[in-house]
Amino acid sequence: MDGRLHPEGIKRDQLTFVLSREDLVRTAVRIDRCLLCRNTGVNEAGLCLVCWPTLSAAEQSLADRWTMGAPS
């Protein structure tokens, strides 16, 4: 496997980069698909409830900024 939870999701090692890109996060939110696993029901950071608890500290910091309403 290439580090993806779903063949259409992003590679895990690219999540910090993607969370810093407003266009990519907003697209995930708009289409309601998790950036990592492509599940529906995403939050403002484009992540689902399954993937949210798996975030590293650095990823969590970036994702938290989205949930507080400010793009990273």
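Residues numbered from 1 in each chain as written. Predicted model: local features only at pLDDT ≥ 70, side-chain atom pairs only at ≥ 80, totals over all residues. Heavy atoms only, no water.

### Comments concerning the overall build of the protein
Per the secondary structure count, the protein includes three helices and zero strands. From first element to last, N terminus to C terminus, the protein shows the α and β order α-α-α. The burial tally for the protein puts 32% of its 72 residues in the buried class. Taking the contacts inside the protein whose residues are at least 6 apart along the sequence as the reference set, 34% of them involve residues at least 24 apart. When the accessible surface of the protein is summed, it comes to about 4,300 Å², and 53% of that surface belongs to carbon and sulfur atoms. (Helix = DSSP H or I, 4+ residues; strand = E, 2+ residues; numbered from the N terminus. Buried < 20%, exposed > 50% of the residue type's maximum accessible area, 1.4 Å probe, protein only. Contact = heavy atoms within 4.5 Å. Areas by Shrake-Rupley, 256 points an atom, 1.4 Å probe, with all protein chains shown as cover.)

### What about the nonpolar core?
One finds Leu15, Leu19, Cys34, Leu35, Leu36 and Leu47 to be the most contacted residues of the largest nonpolar core, which totals 19 residues. Of all the secondary-structure elements, those providing two or more residues to this core are helix 1 (15-19), helix 2 (22-31) and helix 3 (57-67). (Core = buried A, V, L, I, M, F, W, Y, C linked by side-chain atoms within 4.5 Å.)

### Let's talk about the pattern of salt bridges
A side chain with one charge can pair with a side chain of the opposite charge if their charged atoms come near. Enumeration according to the criterion identifies three salt bridges in this entry. Arg21 is the salt-bridge partner of Asp23, the closest N and O atoms lying 2.6 Å from each other. Overall, the relative accessible area of 41% leaves Asp23 in the partly exposed class. The class for Arg21 is partly exposed, based on a relative accessible area of 31%. Ionic pairing is found between Glu22 and Arg26, a salt bridge with its closest N-O pair at 2.8 Å. Remark: Arg26 and Glu22 occur in helix 2; sequence separation between them is four residues, near one turn of the helix. Owing to a relative accessible area of 39%, Glu22 belongs among the partly exposed residues under this scheme. (Salt bridge = Lys/Arg side-chain N within 4 Å of Asp/Glu carboxyl O.)

### A closer look at helix 3
Every buried residue of helix 3 is accounted for by Glu59, Leu62, Ala63 and Trp66. Viewed along the axis of helix 3, the buried residues span an arc of 95°, placing them on a single side of the element. Contact partners of the buried residues in helix 3: helix 1 and helix 2. One or two steps after helix 3, the chain reaches Gly69, where phi turns positive at roughly 95°. (Arc of directions from axis to C-beta.)

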